[in-house]
Amino acid sequence: MLRLRLLVSSPVRRFKFQQRCIHHDVSITALHYAASIPSLRLLSNCKSIDSLRKAHGILTGNGIIVSDLSCATKVASLYGSFGYTKDARLVFDQIPEPDFYSQKVMLSCYHQNRESLQVVKFYPLMKKVSYDNIVFSIALKACAEMQDLDNGKKIHCDIVKAPGCDEIVLTGLVDMYAKCGEIESGSRVFDGIALRNVVSWTSMIAGYVKNGLHEEGLVVFNQMRESSVLGNEVTYGTVVTACAKIGALHQGKWLHGCLVKSGIELGSCLVTSLLDMYVKCGDVSNARRVFDDYSHVDLVMWTAMIVGYTHNGSADEALSLFQRMKGVGIKPNCVTVASVLSGCGLVGDIELGRLVHGLSIKAGLWDTNVANALVHMYAKCCQNTEAMYVFETEQEKDLVAWNSVISGFSQNGSVHEALFLFHRMVSESVTPNGVTVASLFSACASLGSLALGSSLHAYSLKLGFLASSSVHVGTALLDFYAKCGDADSARTVFDTIEEKNTVTWSAMIGGYGKQGDREGSIELFEEMLKKEQKPNESTFTSILSACSHTGMVNEGKKYFNAMYKVYNFTPSTKHYTCMVDMLARAGELEQALDVIEKMPIQPGVRCFAAFLHGCGMHSRFDLGEVVIKKMLDLGPDDASYYVLVSNLYASDGRWSQAKEVRNLMKQRGLSKIAGHSTMETELS
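Residues numbered from 1 in each chain as written. Predicted model: local features only at pLDDT ≥ 70, side-chain atom pairs only at ≥ 80, totals over all residues. Heavy atoms only, no water.

Brief notes about the overall build of the protein chain
For step 1, the next point in the chain: Helix and strand content of the protein chain: 41 helices and zero strands.
For step 2, the next point in the chain: In terms of C-alpha radius of gyration, the protein chain reaches 36 Å, well past the compact-globule figure of 26 Å for 684 residues.
For step 3, the next point in the chain: Of all 684 residues assigned to the protein chain, the portion counted as buried reaches 46%.
For step 4, the next point in the chain: The contacts in the protein chain between residues at least 6 apart in sequence include a share of 59% that link residues at least 24 apart.
For step 5, the next point in the chain: When the accessible surface of the protein chain is split by element, carbon and sulfur atoms take 53% of a total near 35,100 Å².
For step 6, the next point in the chain: Taken together, the 66 basic and 69 acidic charged side chains of the protein chain have centroids lying 8 Å from each other. (Helix = DSSP H or I, 4+ residues; strand = E, 2+ residues; numbered from the N terminus. Rg over C-alpha atoms; globule rule 2.2 N^0.38 Å. Buried < 20%, exposed > 50% of the residue type's maximum accessible area, 1.4 Å probe, protein only. Contact = heavy atoms within 4.5 Å. Areas by Shrake-Rupley, 256 points an atom, 1.4 Å probe, with all protein chains shown as cover. Lys, Arg positive; Asp, Glu negative; His and termini not counted. Charge placed at Lys NZ, Arg CZ, Asp CG, Glu CD.)

A closer look at the side chain of Ser646
For step 1, the next point in the chain: Here Ser646 lies in helix α40 (residues 639–651).
For step 2, the next point in the chain: Side-chain polar atoms of Ser646 contact the backbone oxygen of Ala658, separated by 3.3 Å.
For step 3, the next point in the chain: If near-sequence neighbours (up to four positions away) are discounted, Ser646 is found in contact with Ala658, Val661 and Arg662. (Polar contact = N/O pair within 3.5 Å; in protein donor to acceptor, adjacent residues only side chain to side chain.)

Regarding the confidence of the model for the protein chain
For step 1, the next point in the chain: In the predicted model, the protein chain carries a mean pLDDT of 84, and the fraction of residues at 70 or more is 92%.
For step 2, the next point in the chain: Across residues 1–35, confidence stays below pLDDT 50; counting only partners more than four residues off in sequence or on other chains, it has 31 contacts. (pLDDT = per-residue confidence, 0-100.)

Some words on helix α29 (residues 450–463)
For step 1, the next point in the chain: With 14 residues, α29 ought to run about 20 Å at 1.5 Å a step, and its terminal C-alpha atoms sit 20 Å apart, in line with that.
For step 2, the next point in the chain: Among all positions of α29, only Gly453, Leu456, His457 and Ser460 are buried. Looking down the long axis of α29, one finds its buried residues gathered within 110 degrees of arc, a one-sided arrangement.
For step 3, the next point in the chain: Taken together, the buried residues of α29 touch α28 (434–447) and α30 (471–483).
For step 4, the next point in the chain: Immediately downstream of α29, the backbone of Gly464 shows phi near 95 degrees, a positive value. (Expected span 1.5 Å × (residues − 1). Arc of directions from axis to C-beta.)

Quick look at the pattern of salt bridges
Opposite charge on two side chains allows them to pair when their charged atoms are near.
For step 1, the next point in the chain: Throughout the structure, instances matching the rule amount to 20 salt bridges.
For step 2, the next point in the chain: With a closest N to O distance of 3.4 Å, Asp175 and Lys179 form a salt bridge. Of the two residues, Asp175 and Lys179 both sit in helix α12 (residues 167–179), four residues apart, roughly one turn of that helix.
For step 3, the next point in the chain: On the basis of relative accessible area, Lys179 is assigned to the partly exposed category, the value being 31%.
For step 4, the next point in the chain: For the salt bridge of Asp495 with Arg491, the shortest nitrogen-to-oxygen distance reads 3.0 Å. Placement of both Asp495 and Arg491 in helix α31 (residues 487–496) is noted, with a separation of four residues, approximately one turn of the helix.
For step 5, the next point in the chain: Several salt bridges share partner residues, and in doing so they unite Glu392, Lys397, Arg424 and Glu428 into one network. (Salt bridge = Lys/Arg side-chain N within 4 Å of Asp/Glu carboxyl O.)

Describing the layout of surface pockets
The probe, sized like a water molecule, is rolled over the atoms to show the empty space still left.
For step 1, the next point in the chain: One number sums up the size of the largest pocket: a volume of about 1,800 Å³.
For step 2, the next point in the chain: Forming the walls of the largest pocket are 50 residues, and the residues nearest its centre are Lys483, Lys514, Ser538, Thr541 and Lys574.
For step 3, the next point in the chain: Within the residue set of the lining of the largest pocket, elements represented by two or more residues are α24 (368–380), α26 (399–411), α28, α30, α32 (502–514), α34 (537–550), α36 (573–585) and α38 (605–617).
For step 4, the next point in the chain: Looking at the lining of the largest pocket, the element that brings in the most residues is α34, giving eight residues.
For step 5, the next point in the chain: A breakdown of the residues in the lining of the largest pocket according to their chemical character gives 13 nonpolar, 28 polar and nine charged. (1 Å grid on protein atoms, 1.4 Å probe; cavity = no way out; pocket = protein on both sides within 12 Å on 5 of 7 lines; lining within 4 Å. Points joined across faces, edges and corners; volume = space filled by probe spheres on them. Nonpolar A, V, L, I, M, F, W, Y, C, P; charged D, E, K, R; others polar.)

Considerations on the packing of helix α23 (residues 350–362) against α24
For step 1, the next point in the chain: One can describe the packing of α23 onto α24 by two numbers: an axis separation of 11 Å at closest approach and a directional angle of 160 degrees. Classed by the angle they form, the pair α23 and α24 counts as roughly antiparallel. Crossing of α23 against α24: the hand is left-handed. Residues Ile350, Gly353, Arg354, His357 and Ser360 of α23 form the contact with α24, whose participating residues are Val370, Leu374, Met377 and Tyr378. (Axes fitted to C-alpha atoms, helices over the stretch in contact; angles between N-to-C directions. Parallel < 35°, antiparallel > 145°, perpendicular 65-115°, else oblique. Left-handed = near helix turned anticlockwise from the far one by under 90°.)

Quick notes on the packing of aromatic side chains
For step 1, the next point in the chain: A complete count under the given rule lists 19 aromatic pairs for this structure.
For step 2, the next point in the chain: For the pair Phe291 and Trp302, a centre-to-centre distance of 5.0 Å together with 85 degrees between the ring planes defines the contact as edge-to-face. Here the residue Phe291 occupies a position in helix α19 (residues 284–293), and Trp302 occupies one in helix α20 (residues 299–311), the gap between them amounting to 11 residues. Each member of the pair Phe291 and Trp302 is classed as buried.
For step 3, the next point in the chain: Of the aromatic side chains, those joined through ring pairs into one cluster are Phe525, Phe540, Tyr559, Tyr567 and Phe569.
For step 4, the next point in the chain: Geometry around Tyr84 places Arg53 over its ring, the cationic atom sitting 5.2 Å from the centre.
For step 5, the next point in the chain: The positively charged end of Lys397 is found above the aromatic ring belonging to Phe391, 5.4 Å away from the centroid. (Phe/Tyr/Trp six-rings, centres within 6.5 Å; stacked < 30°, edge-to-face > 60°. Lys NZ or Arg CZ within 6 Å of the ring centre and 35° of its normal.)

Regarding α32
For step 1, the next point in the chain: With 13 residues, α32 extends 18 Å between its outermost C-alpha atoms, agreeing within 8% with the 18 Å of an ideal straight helix rising 1.5 Å per residue.
For step 2, the next point in the chain: The buried fraction of α32 amounts to 11 of the 13 residues, a majority that puts the element mostly inside the structure.
For step 3, the next point in the chain: Considered for burial, the residues of α32 that qualify are Thr502, Thr504, Trp505, Ser506, Ala507, Met508, Ile509, Gly510, Gly511, Tyr512 and Gly513.
For step 4, the next point in the chain: Contact partners of the buried residues in α32: α30, α31, α33 (518–530) and α34.
For step 5, the next point in the chain: With a side-chain oxygen positioned 3.1 Å from the backbone nitrogen of Val503, the residue opening α32 is Asn501.
For step 6, the next point in the chain: Of the residues flanking the end of α32, it is Gly516, one or two places downstream, whose phi is positive at about 75 degrees.

Overview of the environment of Ala55
For step 1, the next point in the chain: With respect to the helices, strands and loops of the structure, Ala55 is situated in helix α4 (residues 49–61).
For step 2, the next point in the chain: Considered as a pair, Ala55 and Leu43 are 12 residues apart in the sequence and their alpha carbons are 6.9 Å apart.
For step 3, the next point in the chain: Beyond its immediate chain neighbours, meaning those up to four positions away, Ala55 contacts Leu42, Leu43 and Cys46.

What to know about the packing of α30 against α32
For step 1, the next point in the chain: Contact geometry for α30 and α32: axes closest at 9 Å, N-to-C directions at 5 degrees. The orientation of α30 with respect to α32, classified from their angle, is roughly parallel. In this structure, α30 uses Val471, Thr475, Leu478, Asp479, Ala482 and Lys483 to contact α32, whose residues at the interface are Val503, Thr504, Ala507, Met508, Gly511 and Lys514.
For step 2, the next point in the chain: Considered class by class, the residues forming the contact of α30 with α32 number six nonpolar, three polar and three charged.

Some details on the environment of Arg354
For step 1, the next point in the chain: Relative to the helices and strands, Arg354 is located in helix α23.
For step 2, the next point in the chain: With a relative accessible area of 32%, Arg354 lands in the partly exposed category.
For step 3, the next point in the chain: Spatially, the C-alpha atoms of Arg354 and Leu90 are 57 Å apart, while their sequence positions differ by 264 residues.
For step 4, the next point in the chain: Non-local contacts of Arg354, meaning those with residues more than four positions away in its chain, are made with Met377, Tyr378, Gln383 and Glu386.

See below:
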């Protein structure tokens, strides 16, 4: 008895033992019937591909696979569950007359292993037998994943012919049409669904959002709520994404409130969607609240928050969050590293940038985005040698790499190097894009070269970069003309731009201000407000600067007050500096000093310098004495500030103090750069 138990202890031995117990003189049908039950028992004990192959061999040797349909179907199913669809298909092809169930098993094997192409190829073979709702759903999902509209339409025809298709199949049809870009066809199918559940509604909403019809997606969401169907996590994630795409902050906040009230558990994906929505709508403070309130913050959320700070100009917060991220043991990825490097470039933190550079090399976090961010960071920090080293080490320099180094050099004042790199880029047959052209216009503006910029303008028109269709190129072009003193050409470009953004309006207002055109600045700013184009902080800097240069003190005071009373902007150092400069130029030095003393933030060197410039203009050395010490205590690293103070003392005949300031400048290793002028000439 013990020996018998040992013999049948393993599945393979048990099968052999039972086969030997069958008499050879019974009929073939009886043999197959008797073998079927132990065969299935044998297969049910196959927990690995190796044991399945052994069992398959035994069954094949005994002729069971060919003769026993249920056994062959089970073997094919097991091969599919282990991921061996080719073996499953070989078994299936050995079945003389496969029934509907075996065909459905083979289709499911392909579906479970995400082999959508094989699903689409196998589906027509089932036509001879039958279809059901499960088969339709699997085939539609495969067509959706492959965006195979032609086969999807054929399946739709089969669905129409088949009776009794349920809501799941029709929802699959909606999803297939949406993913294939046929959103109108999907909408017609959706309208024909009698009992729409949350999955049906969500598929229709997601279809609109994926096809860029974000407003339509939000409309369908509201219709779903009116139909008393409650959304789930996927529904809310989709509509929050739609709000992020169109910048609908108010709607996004309302959805956030609905989520909290509904009691739906905020999973990682949904929290990331909310965070991304707030970031893209410019509400970084609420994004941070979402980030801080979630207890299981993963790498994606850390990266999204860091990217959000970087893109919204809060580079200091981005770098601080990166340091905290390292402290809690979260390892960054390439996206995180690239975002931090961008932040380092924005604030000029070269030391942290170098540390992140070293970290990326040690951790193996290196791709094209990281390399391009490094180039731009070094260029923004005026480290041209290091920027060029990283740029030259890139094996395949794509357009983004060229744009990174050209725009970086253009922004740090190395305009000749930027133009040289552009010529090299063109000579290497790399076609520029709008970003390249915009960077070069900025370089020409820095040079003040109207002829060179005009030539570049003509070149950009040949390439098809029209100011009317590209707000980025158009804004850079009008800024170039404005800085070169050609206000008429700047206005012509401004008028051709079809969709002007806040930066475009600010650039044109600032251009008028620099040319001393007080009426042009004011009229354009008022026109901007009439067209309900909301000004930003840069706009107020431009209009205040224009008021300063044109002596419009009353208007400047009015706009400064409106900035924080009407538009809820907190004035920055730049805005206070503009106010001080405006009042000082107009001779209202007591008011300017009062602004400095009542500033809620520490005045910068430029603010003090603007006041001292006014003191020199109006010979008010008594007031200048108060500010000089405060400015020198800040230890400015620009020699021009020391020269300003020295000249102020000299104007009052205080030569000893003037000499002391000059000596202090030398002690700090500063020297005034000699003034120079440039002039363009035509050589015959």
